[in-house]
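# Observations on chain architecture
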Amino acid sequence: MQSGKVIIIGGGIGGLSAAIALNNKGFSVEVLERSSGLHSSVFGVGIIQPNNALRALDMIGCADACIEAGYSTRAWGMQLDAAGHETRQMPGAVAENSHLPPMNGLTRPKLHEILTRKAVESGASIRYGTRYRSLQPNENGVVVHLEDGTSLDADIVVGADGTYSQTRKYVFDQDIGPVYNGQSAFRMNIPRTVPGFGEIDRIILQHAPHGMAGYVPIGPDLAYMFLNSSWPAGTRLEEHELAPALRERLQGFGGLTGYVRDNFVHDGNEIVFRPIEWMIVPPPWHKDRIVLIGDAAHAFLPHLGQGAAQAIEDGIVLAECLAEDATCEQAFKRYIDRRYERCRMVIQGCVDIGEWEKGHLPDFDNIATTQRIMETLLAPI
């Protein structure tokens, strides 16, 4: 197509990355974000950026800013037993001749600031507090009817509106939604240097009967701690329940996690608790001139830190295909051909790791699986 007006529904990681990539290819881009401001749609505490995510960010001019704002590691990580003794090293994977580290961690607000700034610099328009009422495809594109009664014309609409996407219903007749994997995750920020245990300078995993605890550096002085553990479907915890519930689930952990439990887990206001859900919709991810990216097409479990990475890659690949192919149909088909199997492989690996963490795959090697997938993801996107 090489040019045209693109409206992106959703101003999250995938939507902003797509906006940058599409603007760089000569498209006119407008992002519609229903939240009222930059950080109002940012959930969670920190985010993992593996080498393939940094490579994708480098392609849209954002990797250096992320590395400067976060904390880069020299290796992917290590695994500890329940008592806190090291059992395995996790080297991670770096593309040949890459100047980028195996992993970078940073806070979600910082990432959104970086992507938003770059999107605006590239020429994208971002409208906050904007919801659409309906999408009306026609032979020339899509009319986007907004809730305020006005409408916008677009050559293409990109649905980047998350796991519970409203845009998805314009692509699929059947109702498609995420699946709960049986785990929920606690997350909270802690200092990157822990007295008696030194610096958290890479991902640290610690496995015990009640789940998998982990630590990720996300800034010079900051890390986040997580715990993936089994919960009945539909479990929700009130703020006053969060700290006691997390401390209870961390019983049986010694070493680093035991210290964190006893010294940092006090205030429910500092703890995030979310169910772990996943989904990958069947191809094609498009209908007429409406196409899905990111969590609207594939919601990742957090076990490999690939959710944001794959959303960023989606935006880059979609922009390349639209710029290079003569028609939208050709571009969308090539986009799916390049993206579906890659995303499916990662999601299956995450599902398997989750089952192992729950004790259902006793002979499964989570470290070998992680390494294999990280190396596979170094292939061109």
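For the structure, check the block above.
Here is a short report on the structure shown in this document. None of the values given here were measured: they were computed from a predicted structure.

### Observations concerning the side chain of Thr235
One can find Thr235 in the loop between strand S18 (222-230) and helix H5 (239-249). In this structure the side chain of Thr235 is engaged in a polar contact, spanning 2.7 Å, whose partner is the backbone oxygen of Pro232.

### Some details on the pattern of salt bridges
Two side chains of opposite charge can pair, provided their charged atoms sit close to one another. Enumeration according to the criterion identifies 18 salt bridges in this entry. The residue Glu199 makes a salt bridge to Arg192 at a minimum N-O spacing of 3.5 Å. Look at Glu199 and you get partly exposed, because its relative accessible area is 46%. As a salt-bridge pair, Arg334 and Glu324 come within 2.8 Å of each other at their nearest N and O atoms. Of the two residues, Arg334 sits in helix H8 (residues 328-357) while Glu324 sits in helix H7 (residues 307-324), which places them ten residues apart along the sequence. Salt bridges sharing common partners tie together Glu313, Asp314, Arg339 and Arg342.

### A short note on the sheet that holds strand S3 (residues 46-50)
Ordered by their spatial adjacency, three strands build an open sheet running S3-S7-S4, and the pairing between neighbours is antiparallel. Here the strands that pair on one side only, and so sit at the sheet edges, are S3 and strand S4 (71-73). Along the sheet, successive strands turn relative to each other by an average axial angle of 20 degrees, direction set aside. Bridging between S4 and strand S7 (residues 103-107) involves three bridges; their strand directions are antiparallel. Bridged to Thr73 within S7 is Met103.

### Digging into the packing of aromatic side chains
Taken as a whole, this structure holds nine aromatic pairs when the rule is applied. Relative to Phe226, the ring of Tyr224 lies with its centre 6.4 Å away and its plane at 50 degrees, an arrangement referred to as tilted. Among the residues examined, Phe226 registers a relative accessible area of 11% and is labelled buried. Each residue in the set Phe186, Trp231 and Phe273 is aromatic and connected to the rest through ring pairs, giving one cluster. The positively charged end of Arg249 is found above the aromatic ring belonging to Trp231, 3.8 Å away from the centroid.

### Describing the packing of helix H1 (residues 13-24) against H7
Two elements in contact, H1 and H7, have axes whose closest approach is 8 Å; the angle formed by their N-to-C orientations is 30 degrees. Taken together, the axes of H1 and H7 lie roughly parallel to each other. The crossing of H1 and H7 is right-handed. Of the residues in H7, those in contact with Ile13, Gly14, Ser17, Ala18, Ala21 and Leu22 of H1 are Ala308, Ala311, Ile312, Gly315, Ile316, Ala319 and Leu322. Across the contact of H1 with H7, the residue classes break down as ten nonpolar, three polar and no charged.

### Thoughts on the sheet that holds strand S10 (residues 141-146)
On the basis of which strands lie adjacent, the open sheet formed by three strands has the order S9-S10-S11 and antiparallel pairing. Taken across any chain shown, the strands that pair with only one partner, and hence form the sheet edges, are strand S9 (132-138) and strand S11 (151-154). For this sheet, the mean inter-axis angle between neighbouring strands, taken without regard to orientation, is 20 degrees.

### Topic: the side chain of Ser17
Relative to the helices and strands, Ser17 resides in helix H1. When residues no more than four places from it in sequence are discounted, the contact partners of Ser17 are Ile60, Leu115 and Ile312.

### Concerning the pairing of strand S1 (residues 5-9)
In the case of a regular strand, side chains alternate between the two sheet surfaces. S1 sits mainly inside the fold: four of its five residues count as buried. The pairing of S1 with strand S2 (residues 28-33) spans five bridges and is parallel. For Ile8, the partnering residue across the bridge sits in S2 and is Val31.

### What to know about the environment of Arg249
Relative to the helices and strands, Arg249 resides in helix H5. Put simply, Arg249 and Asp262 are 13 residues apart on the chain and 12 Å apart in space, counted from C-alpha to C-alpha. Apart from the residues within four sequence positions on either side, Arg249 is in contact with His210, Leu227, Ser229, Ser230 and Trp231.

### A short note on the environment of Trp356
By secondary structure assignment, the location of Trp356 is in helix H8. Separated by 144 residues in the primary sequence, Trp356 and Met212 place their C-alpha atoms 10.0 Å from one another. For Trp356, the residues in contact, after removing those within four places along its chain, are Gln79, His207, Met212, Leu361, Phe364 and Asn366.

### Structural notes on helix H6 (residues 255-264)
All of the buried residues along H6 are Leu256, Thr257, Gly258, Val260 and Arg261. Buried residues along H6 sit in contact with strand S13 (179-191), strand S14 (193-194), strand S16 (203-208), strand S17 (211-217), S18 and H5.

Conventions we followed
Residues numbered from 1 in each chain as written. Predicted model: local features only at pLDDT ≥ 70, side-chain atom pairs only at ≥ 80, totals over all residues. Heavy atoms only, no water. Helix = DSSP H or I, 4+ residues; strand = E, 2+ residues; numbered from the N terminus. Polar contact = N/O pair within 3.5 Å; in protein donor to acceptor, adjacent residues only side chain to side chain. Salt bridge = Lys/Arg side-chain N within 4 Å of Asp/Glu carboxyl O. Buried < 20%, exposed > 50% of the residue type's maximum accessible area, 1.4 Å probe, protein only. Pairing = 2+ DSSP bridges. Axes fitted to C-alpha atoms, helices over the stretch in contact; angles between N-to-C directions. Phe/Tyr/Trp six-rings, centres within 6.5 Å; stacked < 30°, edge-to-face > 60°. Lys NZ or Arg CZ within 6 Å of the ring centre and 35° of its normal. Parallel < 35°, antiparallel > 145°, perpendicular 65-115°, else oblique. Left-handed = near helix turned anticlockwise from the far one by under 90°. Contact = heavy atoms within 4.5 Å. Nonpolar A, V, L, I, M, F, W, Y, C, P; charged D, E, K, R; others polar.

Functional significance is not addressed by these values, which are geometric in nature.
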